[in-house]
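Spelled out, the chains give:
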Amino acid sequence: MNSYDGDRLRTAMIHKGWTETPDETADVVFLVTCSIREKAEQKVASEIGRYDLQFRKTGGPILVLVGCMAQRIGREMAKKFPCIRIVSGPRHLGLVPQAVEDTMQDGRARFFFDDDPRALDDLEVVPTERTNPFKAFVTISYGCDRFCSYCIVPHVRGRLQSRAPEEILTEVETLAQTGVKEISLLGQNVDAYGKDGSGGYGFARLLDDVSKIEGVERIRFYTSHPKDFDEDILEVMARAPRICRAINLPVQSGSDRILKEMNRGYTSAQYLELVAKIRAALPDVSLTTDLIVGFPGETDEEYHMSYDLLKSVKFDIVHTAAYSPRPGTRAAVMDGQIDKRVKAARLNEINEMQSGVARELNEAYVGGTFKVLLDAPAPRGEGLLQGRTMTDKVVIVSGNVLNLGQFVDVKITGASHWSLQGERFEGE
Ligand code: SAH
Ligand code: SF4
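Rules behind the numbers
- Residues numbered from 1 in each chain as written.
- Chains lettered and ligands numbered in written order.
- Predicted model: local features only at pLDDT ≥ 70, side-chain atom pairs only at ≥ 80, totals over all residues.
- Heavy atoms only, no water.
- Phe/Tyr/Trp six-rings, centres within 6.5 Å; stacked < 30°, edge-to-face > 60°.
- Helix = DSSP H or I, 4+ residues; strand = E, 2+ residues; numbered from the N terminus.
- Buried < 20%, exposed > 50% of the residue type's maximum accessible area, 1.4 Å probe, protein only.
- Lys NZ or Arg CZ within 6 Å of the ring centre and 35° of its normal.
- Near = heavy atom within 4 Å.
- Nonpolar A, V, L, I, M, F, W, Y, C, P; charged D, E, K, R; others polar.
- Contact = heavy atoms within 4.5 Å.
- 1 Å grid on protein atoms, 1.4 Å probe; cavity = no way out; pocket = protein on both sides within 12 Å on 5 of 7 lines; lining within 4 Å.
- Points joined across faces, edges and corners; volume = space filled by probe spheres on them.
- Pairing = 2+ DSSP bridges.
- Salt bridge = Lys/Arg side-chain N within 4 Å of Asp/Glu carboxyl O.
- Axes fitted to C-alpha atoms, helices over the stretch in contact; angles between N-to-C directions.

Participant: Sorry, what's going on with the packing of aromatic side chains here?
Facilitator: In this description, a pair of aromatic rings is defined by centroid distance and the angle of the planes. The final tally for this structure, using the stated rule, is seven aromatic pairs. With centroids separated by 5.3 Å and ring planes inclined at 70°, the aromatic side chains of phenylalanine 203 and phenylalanine 221 adopt a geometry described as edge-to-face. Linking phenylalanine 203 in helix H7 (residues 203-211) with phenylalanine 221 in strand S9 (residues 218-222), this pair joins segments that are 18 residues apart in sequence. Each member of the pair, phenylalanine 203 as well as phenylalanine 221, is classed as buried. For the ring pair tyrosine 271 and phenylalanine 315, a centre distance of 6.4 Å and an interplane angle of 50° mean the geometry is tilted. Here phenylalanine 315 lies in the loop between helix H11 (300-313) and strand S12 (317-322) and tyrosine 271 lies in helix H10 (residues 268-281), a separation of 44 residues in the sequence. Among the aromatic residues, ring-to-ring pairing joins Tyr266, Tyr271 and Phe315 into one connected group. Residue placement shows arginine 50 over the ring face of tyrosine 51; its charged tip is 4.9 Å from the ring centre. The aromatic ring of phenylalanine 111 is capped on one face by arginine 75, whose charged end is 4.7 Å from the ring centroid.

Set out below in structure tokens:
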């Protein structure tokens with residue numbers, strides 16, 4: 001969501017006549033921030049400290065602090081760091097581009113907070129100036145109503161609000177016309193899409209309609225919620241080959257007591273039942289999940305229930321996190337906060353086990369040939385490109401930037417826990 005917001009802000013500023021430039025020569029720097037864990041905020045705070053030193057010496061650049069951290073603590077941050085001149089919560093981005101110009105004129109700081117969790121002043125702009133030309137995100141809904149007890153999202157991103165289907169479909173059409181091959185539909189809980197309206201137009205229908213748009217070769221979506229997951233989605237996926245065979249279905253814990261304390265709305269048995277249904281409908285699906293270790297009161301036994309669940313389901317990827325107390329959430333004041341070292345040990349152990357599972361699943365790809373969209377230079381290595389399969393596996397192949405944006409058949413020759421290596425398949 002932050003990438004999407006960043007791309008939209010970039011597009012809006014370029015439309016206003018601004019130019020993107022390296023940090024050293026910038027008049028204005030935008031920071032699109034995250035509050036999900038303390039570590040995310042610490043990273044931003046240290047970046048701001050660096051800019052602030054420069055600002056105190058040279059009077060520039062000014063900072064625009066937007067997103068969840070801006071909403072949560074933007075006012076205090078601006079008091080501490082005079083370089084921050086504009087602060088906006090995630091639901092007021094529409095006011096930011098003009099505010100930047102006004103502040104450049106009069107030097108006054110400007111603050112836009114989402115005090116009303118239903119108010120929305122969004123940027124009416126399609127992100128045509130993207131960090132990646134071939135892939136684009138599209139937000140389908142704002143906010144979240146689930147209030148999981150550990151989570152800051154409903155507090156900083158406000159209540160669920162679904163975008164109108166026509167708006168989303170027009171945005172996807174525009175993106176397809178500007179060369180986008182892959183669309184990722186985004187929502188904190190995509191399965192809740194449309195459930196705040198009265199029309200009965202839900203996520204399955206949206207997915208079906210997006211999959212019919214000419215030019216979009218691949219469609220992904222994040223994130224599904226086990227409690228709201230509608231089985232019609234599986235029917236749509238089974239008959240629409242352009243919808244990627246990948247579902248991120250956060251489980252968060254394997255213990256029913258902890259799931260209840262988290263306010264997740266399902267038991268581990270219900271979760272496993274859903275996994276079985278998904279795998280029956282889509283045998284080639286790749287399943288990923290999110291998991292928190294060290295939630296308040298989590299005993300060793302309860303932690304092991306998470307460990308065992310991961311081991312038995314065999315997820316392709318697990319986004320693991322040590323529980324981080326977020327001020328204002330219910331869990332932050334619960335008894336039984338777990339010691340940092342215990343959380344770290346649980347995290348290490350579970351990550352190590354998961355690496356083994358992921359390597360094993362990836363090794364099963366070796367020898368096969370898969371269609372890959374080459375979408376970026378590989379993070380390491382000259383002359384290497386990175387792409388993804390339909391099941392969202394990262395594949396590294398040789399190639400040059402001219403090959404970016406192409407679909408190629410790749411024969412998989414090697415596998416590690418996080419990626420596959422391959423050779424472009426020329427036929428035999
Ligand atoms: N809407 C999605 C994910 C939202 S946040 C969902 O319902 O799952 C992304 C992930 O961050 C979560 O899945 C969770 O695993 C993690 N997370 C959220 N709050 C956290 C916290 N306080 N401490 C540690 N991890 C957290
Ligand atoms: Fe946070 Fe996701 Fe729960 Fe919403 S559903 S409160 S975003 S974890």
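Participant: Teacher, can you tell me more about the environment of leucine 65 here?
Facilitator: On the secondary structure map, leucine 65 appears in strand S2 (residues 62-67). Take leucine 65: its relative accessible area is 1%, and that puts it in the buried class. For the pair leucine 65 and leucine 404, spaced 339 residues apart in the sequence, the C-alpha separation amounts to 32 Å.

Participant: What's the story with the site of ligand 2 in this structure? I'm lost.
Facilitator: Taken together, Cys144, Arg146, Phe147, Cys148, Tyr150, Cys151, Val153, Pro154, Gln188, His225 and Arg264 make up all the residues around ligand 2. Considering only residue class, the shell around ligand 2 consists of seven nonpolar, two polar and two charged.

Participant: Hey, could you run me through the side chain of threonine 103 in this one?
Facilitator: By the secondary structure assignment, threonine 103 is in helix H4 (residues 96-106). Once residues lying within four places of it in the same chain are set aside, the contact partners of threonine 103 are Ile62, Arg85, Ile86, Arg108 and Arg110.

Participant: What's the story with the layout of surface pockets in this structure? I'm lost.
Facilitator: Leftover empty space is mapped by rolling, across the atoms, a probe with the size of a water molecule. Considering only enclosed or pocket space, the second largest pocket measures out at about 620 Å³ in volume. Along the walls of the second largest pocket sit 24 residues, with Arg10, Glu20, Val28, Val29 and Phe30 positioned nearest its centre. Those elements that place two or more of their residues in the lining of the second largest pocket are helix H1 (2-15) and strand S1 (28-33). Here the lining of the second largest pocket gets eight residues from one element, more than from any other, and that element is H1.

Participant: Just checking my understanding: could you explain the pairing of strand S16 (residues 407-415) for this structure?
Facilitator: A regular strand places its side chains on the two faces of the sheet in alternate fashion. In terms of strand pairing, strand S13 (residues 369-377) meets S16 through five bridges, oriented antiparallel. Bridge pairing links leucine 373 to phenylalanine 407 in S16. Of the strand pairs in this sheet, S16 and strand S17 (residues 420-424) are connected by five bridges, and their pairing is antiparallel. Looking at the pairing, alanine 415 lines up with leucine 420 of S17. Hairpin geometry of S16 and S17 is characterised by an intervening segment of four residues between the two adjacent antiparallel strands.

Participant: Just to check I follow, could you spell out the pattern of salt bridges for this structure?
Facilitator: Pairing between side chains becomes possible if they bear opposite charge and their charged atoms approach one another. The full count for this structure, using the stated rule, is 32 salt bridges. Between arginine 163 and glutamate 171 there is a salt bridge whose closest N-O contact spans 2.8 Å. Side by side, arginine 163 and glutamate 171 carry an identical accessibility label, which is buried. Taken together, the shared-partner salt bridges in this structure form one network comprising Glu182, Arg220, Arg388 and Asp392.

Participant: Would you mind going over the sheet that holds S16 with me for this structure?
Facilitator: Strand pairing in a sheet relies on backbone hydrogen bonds. The paired strands run either parallel or antiparallel. A barrel is described by the order of its strands in space; here five strands give the closed sequence S13-S14-S15-S17-S16, paired in mixed fashion. Adjacent strand axes in the sheet meet at a mean angle of 55° when their direction is disregarded.

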